[in-house]
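Chain by chain, the residues run as shown.
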Amino acid sequence: MEAHDFLTKKILVEHEVKQTLESRTGNFATKPKAEVLREFDSEKWAEVLAKASEFRGFSLLDGLLLDFAGLSLDSRIDFWQRPHFNKVNLATGLLRELTIMIETLRSASLANNQFTEIGSGFGYRILTLAEVLASEGIPAKYTAIDLSANGLAAAELFAERSEINLATVRFDVEGQEQIDENLASPGGVWFSFCALHYASLPPHRLARRLARLPFETLVAFEPIHKAANSKDEIQLDLNQYIEMNSYYPFVLEALTELARIRHLRMTVDSNCFGLNPKMPLSIITLQQ
Ligand SMILES: C[S@@+](CC[C@H](N)C(=O)[O-])C[C@H]1O[C@@H](n2cnc3c(N)ncnc32)[C@H](O)[C@@H]1O
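Residues numbered from 1 in each chain as written. Predicted model: local features only at pLDDT ≥ 70, side-chain atom pairs only at ≥ 80, totals over all residues.

(A) Looking closely at the overall build of the protein chain. For the protein chain, the helix and strand inventory stands at nine helices and nine strands. The C-alpha atoms of the protein chain give a radius of gyration of 20 Å, which matches the 19 Å a tight globule of 288 residues would have. Viewed in the frame of its principal axes, the protein chain has a C-alpha envelope of about 75 × 45 × 35 Å. Burial status across the protein chain gives 36% buried among its 288 residues. In the protein chain, the share of contacts with a sequence separation of at least 24, taken over all contacts with a separation of at least 6, comes to 73%. (Helix = DSSP H or I, 4+ residues; strand = E, 2+ residues; numbered from the N terminus. Rg over C-alpha atoms; globule rule 2.2 N^0.38 Å. Buried ≥ 20, exposed ≤ 12 C-beta atoms within 10 Å, placed from the backbone. Contact = placed C-beta atoms within 7 Å.)

The structure is reproduced here in structure tokens:
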């Protein structure tokens, strides 16, 4: 064997195998719950609530833009829509992201038009979905679930101003308690958007907690970490981004286990879209 081949095998192949094993044995740091509450409840959503309470004209979009420090709707960004990055302005990127989300949820909702968001923050997504369906005269039922009291209070304020009937439930989807089905109506489509990637339980335990939620269909718009595959640069960069930020690396494992427990069919559209060029999102759907 030539030196180059030998060294390639020794350094690159062994490195990859080791990395794959490490990445699947759970040696990751995830965010503690106190850190999630600091970031969202105490800081981001408290600010959205304060601004929305103070200014009547403060919109859902204004709330979202607080998180895009310094960017305006005209700023050029890289929108990822597999298989390309597209240079677009932020307004177009936001529109594309919402359109993909809304069309996916609409086609997942077979009959009853009932939507529940897990980790809804201040309600930007579920209330935008509600506004779109209301503009088409489609009646539907909406519930927002979050850990953050400030996020839910802001969601209630925005809902009231847009005359949308939104139920809110303060609940930790990783916690031991059972959700109150008088508050969060059973059935319909439940979805998460960049919320499960703040989880911290081992995947089989998270799956058991999620299995108790009374959804019919679950759609997760989340970044997923996968065993390293040296040919897929996008996935390698995403793995690294998830690790660096201590995001949850086991979304895929947890949802696979959830599908098994609840006897649901799971489909995964991997790394298909996203506003953050470093963090493409996958769409994982669990249904009958
Ligand atoms: C990145 S924000 C996303 C908010 C919203 N989905 C959006 O896209 O605008 C994540 C949200 O998930 C919530 N969250 C994180 N872990 C949660 C848990 N275990 N139970 C309920 N909500 C949780 C946080 O409080 C936060 O509001």
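(B) Up close: the site of the ligand. Contacts to the ligand come from 18 residues, most closely from Phe40, Gly119, Gly121, Ala195 and Tyr198. Within the residue set of the shell around the ligand, elements represented by two or more residues are α2 (33-54) and α5 (124-135). Here the residues of the shell around the ligand sort into nine nonpolar, five polar and four charged. (Near = placed C-beta within 6 Å. Nonpolar A, V, L, I, M, F, W, Y, C, P; charged D, E, K, R; others polar.)

(C) Representation of the sheet that holds strand β2 (residues 84-89) within the structure. As summarised here, the arrangement of the nine strands in space is β2-β1-β8-β9-β7-β6-β3-β4-β5, forming an open sheet in which the pairing is mixed. The outermost strands of the open sheet, each flanked by one partner alone, are β2 and β5 (166-170). Taken pair by pair, the neighbouring strands of this sheet meet at an average axis angle of 20°, ignoring direction. Both strand β4 (residues 141-146) and β5 contribute to a ladder of five bridges, which runs parallel. Bridging across to β5, alanine 144 finds its partner in threonine 168. Packed onto the sheet, helix α9 (residues 251-261) meets β7 (217-222), β8 (265-274) and β9 (281-287) and runs at close to 10° relative to β9. (Pairing = 2+ DSSP bridges. Axes fitted to C-alpha atoms, helices over the stretch in contact; angles between N-to-C directions.)

(D) Representation of α5. Taking 1.5 Å of rise per residue, the 12 residues of α5 would be expected to cover 16 Å, and the 16 Å separating its terminal C-alpha atoms lies within 8% of that figure. Every buried residue belonging to α5 is among Tyr124, Arg125, Ile126, Leu127, Leu129, Ala130 and Leu133, and all of these are buried. Of the residues flanking the end of α5, it is glycine 137, one or two places downstream, whose phi is positive at about 75°. (Expected span 1.5 Å × (residues − 1).)

(E) View of unusual backbone geometry. That bond from arginine 82 to proline 83 is cis: its omega, 10°, falls within 30 degrees of zero. If you trace the backbone, proline 83 turns up in the loop between β1 (76-81) and β2. The phi torsion at asparagine 271 lies on the positive side, around 45°, for a residue other than glycine. Position of asparagine 271 among the secondary structure elements: in strand β8.

(F) Examining the packing of helix α7 (residues 203-211) against α9 more closely. It is the contact of α7 with α9, at a shortest axis distance of 8 Å, that shows an interaxial angle of 50°. On the basis of the axis angle, α7 is oblique to α9. Between α7 and α9 lies a crossing of right-handed hand. When α7 is examined against α9, the residues Pro203, His204, Leu206, Ala207, Arg208, Leu210 and Ala211 are found in contact with a partner set consisting of Glu253, Ala254, Glu257, Leu258 and Ile261. Residue classes in the contact of α7 with α9 are distributed as eight nonpolar, one polar and three charged. (Parallel < 35°, antiparallel > 145°, perpendicular 65-115°, else oblique. Left-handed = near helix turned anticlockwise from the far one by under 90°.)

(G) Looking closely at the nonpolar core. Counting 68 residues, the largest nonpolar core has Leu127, Ala155, Val219, Ala220, Val251 and Leu255 as its most contacted members. Filtering out sequence-adjacent residues up to four positions away, valine 251 remains in contact with Leu196, His197, Ala220, Glu222 and Ile224. (Core = buried A, V, L, I, M, F, W, Y, C linked by C-beta atoms within 7 Å.)

(H) Quick peek at the pairing of β9. Within β9, six of the seven residues are buried, which leaves the element mostly enclosed by the surrounding structure. In this structure, β7 lies alongside β9, joined through five bridges in antiparallel fashion. Pairing of phenylalanine 221 across the sheet is with isoleucine 283, part of β9. As defined by bridge partners, β8 adjoins β9 across six bridges and the pair is classed as antiparallel. The residue of β9 that forms the bridge with valine 268 is isoleucine 284.

Keep in mind these values describe shape, not function.
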